[in-house]
Amino acid sequence: MLSREILFFFSALGVFNVFLLAAYVLFRNVKAASSSFILSCIFLCMGIRVGVSCIYFFEHEISRSLIQLGLSAHVLMGVFLVEYLRQKGKATLQSSMAHIGIAGLIVLLGGILYPFDLYPLMWDFTIRFSLHIVLTLYLIGGGFLLRESVRKFFQGQKLSLEEKGNLLLYVALCASCLGFAISLFTTYILGPVLFSFIFYISIIWYYTHLHQLPKASKRYNGKKIEDEKADELIEKLQQKVEAGQLFLQPKLTLEGLAKQLHIPRHQLSQLLNDNLGKSYSLFINEYRIEYAKALLLQEENLSIEAIAYEVGFNSKSSFYSIFKKLSGETPASFKSRQLLQHSSK
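Right, let's walk through the structure included here. Since the model is a prediction, treat every value here as computed from it, not as a measurement.

Attention now goes to the overall build of the chain. When its secondary structure is counted, the chain shows 16 helices and zero strands. The burial tally for the chain puts 40% of its 345 residues in the buried class. Sequence-distant contacts in the chain: of pairs separated by 6 or more residues, those separated by 24 or more amount to 66%. By element, 63% of the accessible surface of the chain is carried by carbon and sulfur atoms, the whole surface being about 19,600 Å².

Written out as structure tokens, the structure reads:
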């Protein structure tokens, strides 16, 4: 009896804390409202899923509507995960919201038209497993979006704190979902307990790494670079990057660029984020893609793959995805369209 009470306390505490975390993430950073909102929704969906599982295990009797809510939140968690990672990759907010809206509408209408209360057999033998399959596909999609970070991890390359955080979030959600899947064949409390355990381990990891940030970086939190100084630094930055074509260096890092500008790393990061509204990777990749466009039209003997490496990308796949993300078309379609326009003149 005591062990059941301990399990309930541990699981319920995890649910309570994840709801608090969802609220904290939503309101902590107004400037990153889109990604914060989506991350908050991930935690909210997982909290609902775990909460329903706790009630089901300890009460034994639970309304089918509540089970339907838990399963719906479970599959929507995959939708939010993919869109959160896409937002980190600088996908447009409109496309993310459209995807989330359509997925949410499908789940809502499906639940209204075929509620668990009226169609228990359909839910038990068809809809329930369909939702798990859809969630699995979204998790696979999330892994695909993280392929570059995964490659860097296994090759022993240094990952940024954001990349580490994204990988941690993905692994934690996959492990939690695996726990829920296994619990169907063992004990139903396994999912909530495993989730709570992973949740606390993740929080400990995050704050451990957060405190490892340079002290100088923490001193500048909330302090805006003066406009005059920012304009001077931006001009210096653009001249340095363009004149020396630093963006062509595959291993150019934020820290390396800051050293060449003779400014602290955190100041360059703040300049890019606060004053230019861009991440370091987006800032560099914009230069690379523009240079790639020129090569596509000028160097007929160079293959697209050769151009990808020429402009500083480490793989053809990352070049293709970033080119399409920033220009709205593939390198091949861009080249064909430009040549067609020139020939028609």
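A few words now on the packing of aromatic side chains. One pass over the structure, following the stated rule, counts 10 aromatic pairs. Arranged with centres 5.3 Å apart and planes meeting at 80 degrees, the rings of Phe 153 and Phe 154 form a pair that is edge-to-face. When its relative accessible area of 51% is taken as the criterion, Phe 153 is described as exposed. Residue class for Phe 154 comes out exposed when judged on its relative accessible area of 66%. A network of ring pairs unites the aromatic residues Phe 313, Phe 319, Tyr 320, Phe 323 and Phe 334 as a single cluster. Between the NZ or CZ atom of Arg 147 and the centre of the ring of Phe 144, over which it lies, the distance is 4.0 Å.

Turning next to unusual backbone geometry. Positive phi, close to 45 degrees, is recorded for Gln 245, a residue that is not glycine. Mapped onto the secondary structure, Gln 245 falls in the loop between helix 10 (227-243) and helix 11 (254-261). Residue Gln 245 is classed as partly exposed on the basis of its relative accessible area of 32%. Unusually for a residue other than glycine, His 262 sits at a positive phi of about 60 degrees.

One pass over the full model with this rule turns up six salt bridges. The residue Arg 128 makes a salt bridge to Asp 124 at a minimum N-O spacing of 3.1 Å. Here Arg 128 pairs with Asp 124, and both are found in helix 5 (residues 120-145), just four residues apart, close to one helical turn. For Asp 124, a relative accessible area of 29% corresponds to the partly exposed category. The shortest N-O distance in the salt bridge between Lys 293 and Glu 290 comes to 3.5 Å. Highlighted residues: Lys 293 and Glu 290, both in helix 13 (residues 280-298), separated by three residues, approximately one helical turn.

Further remarks concern a negative patch on the surface. A cluster of acidic residues, Glu 226, Glu 228, Asp 231, Glu 232 and Glu 235, forms a negative patch on the protein surface. On the secondary structure map, Glu 226 appears in the loop between helix 9 (215-219) and helix 10.

What follows is about the packing of helix 10 against helix 12 (residues 265-275). Packing of helix 10 against helix 12 brings their axes to within 11 Å, and their N-to-C directions diverge by 105 degrees. Looking at the two axes, helix 10 sits roughly perpendicular to helix 12. The residues of helix 12 that touch helix 10, namely those facing Lys 229, Ala 230, Leu 233, Ile 234 and Leu 237, are Gln 267, Leu 268, Leu 271, Leu 272 and Asn 275. Here the residues of the contact of helix 10 with helix 12 are counted per class, giving seven nonpolar, two polar and one charged.

Here helix 12 has its buried residues at His 266, Gln 267, Leu 268, Gln 270, Leu 271 and Leu 272. Remark: Gly 277 follows helix 12 within two positions and exhibits a positive phi of approximately 65 degrees.

A separate point is the nonpolar core. A general trend in soluble globular proteins is that nonpolar side chains are found buried together. Ile 42, Met 77, Phe 80, Leu 81 and Leu 169 are the most contacted members of the largest nonpolar core, which totals 42 residues. Of all the secondary-structure elements, those providing two or more residues to this core are helix 1 (2-28), helix 2 (33-59), helix 3 (64-88), helix 4 (93-113), helix 5 and helix 7 (161-183). For this core, the element with the highest residue contribution is helix 3, accounting for 12 residues. Aside from chain neighbours lying at most four places away, what touches Met 77 is Ile 42, Cys 45, Met 46, Leu 135, Leu 173 and Cys 177. Within the second largest apolar cluster, 35 residues are counted, among which are Ile 225, Leu 233, Ile 234 and Ile 263.

Residues Leu 105, Leu 108, Leu 109, Ile 112, Leu 113, Tyr 114, Leu 118, Tyr 119 and Met 122 make up a contiguous nonpolar surface patch of roughly 890 Å² in combined accessible area. It is helix 4 that contributes the most residues to the nonpolar patch, five residues altogether. A relative accessible area of 46% means that Leu 105 is categorised as partly exposed.

Before going further, it helps to examine the environment of Tyr 291. Topologically, Tyr 291 is positioned in helix 13. Classification of Tyr 291 by relative accessible area gives partly exposed; the value is 25%. Residues Tyr 291 and Phe 247, spaced 44 residues apart in sequence, show a C-alpha to C-alpha distance of 9.4 Å.

Conventions we followed
- In every chain, residue numbers begin from 1 and rise along the written sequence.
- At least 70 in pLDDT is required for a residue's local features to be given in this predicted model, at least 80 for side-chain atom pairs to be given and counted, and no such filter applies to totals for whole chains, interfaces and linings, which use all residues.
- To obtain the side-chain values, all non-hydrogen atoms of the structure were used and water was disregarded.
- Numbering goes from the N terminus for both helices and strands, where a helix is a DSSP run of H or I of at least four residues and a strand is a run of E of at least two.
- Only protein chains enter the calculation, and the probe is 1.4 Å; a residue is then buried if its accessible area is under 20% of its type maximum, exposed if over 50%, and partly exposed in between.
- Whether two residues touch is decided by their heavy atoms; if any such pair falls within 4.5 Å, the residues are in contact.
- Accessible surface is estimated by sampling points in the Shrake-Rupley manner with a 1.4 Å probe; for residues, cover comes only from the protein chains shown.
- Working definition: a ring pair exists when centres of Phe, Tyr or Trp rings (six-membered ring for Trp) sit within 6.5 Å. Plane angles under 30 degrees give stacked, over 60 give edge-to-face, the rest tilted.
- Criterion for a charge above a ring: Lys NZ or Arg CZ within 6 Å of the ring centre, and within 35 degrees of the ring normal.
- Salt bridge, as used here: a side-chain nitrogen of Lys or Arg that lies within 4 Å of a carboxyl oxygen of Asp or Glu.
- Here a patch means residues that are over 30% exposed by relative accessible area and free of salt bridges, tied together within 9 Å if like-charged and within 5 Å if nonpolar (Val, Leu, Ile, Met, Phe, Trp, Tyr).
- His is not counted, nor are the chain ends; Lys and Arg add positive charge and Asp and Glu add negative charge.
- A charge is said to be at NZ when it belongs to Lys, at CZ for Arg, at CG for Asp and at CD for Glu.
- For every element, the axis is a line fit to its C-alpha atoms; helices are fit only across the contacting stretch, and the angle between N-to-C directions ranges from 0 to 180 degrees.
- Orientation categories follow fixed angle ranges, with anything under 35 degrees roughly parallel, anything over 145 roughly antiparallel, 65 to 115 roughly perpendicular, and all other angles oblique.
- Note on residue classes: Ala, Val, Leu, Ile, Met, Phe, Trp, Tyr, Cys and Pro are nonpolar, Asp, Glu, Lys and Arg are charged, and everything else, Gly too, is polar.
- Joining through side-chain atoms within 4.5 Å is the link that ties buried Ala, Val, Leu, Ile, Met, Phe, Trp, Tyr and Cys residues into a set, and such a set is a nonpolar core.

The values are spatial; any link to function lies outside them.
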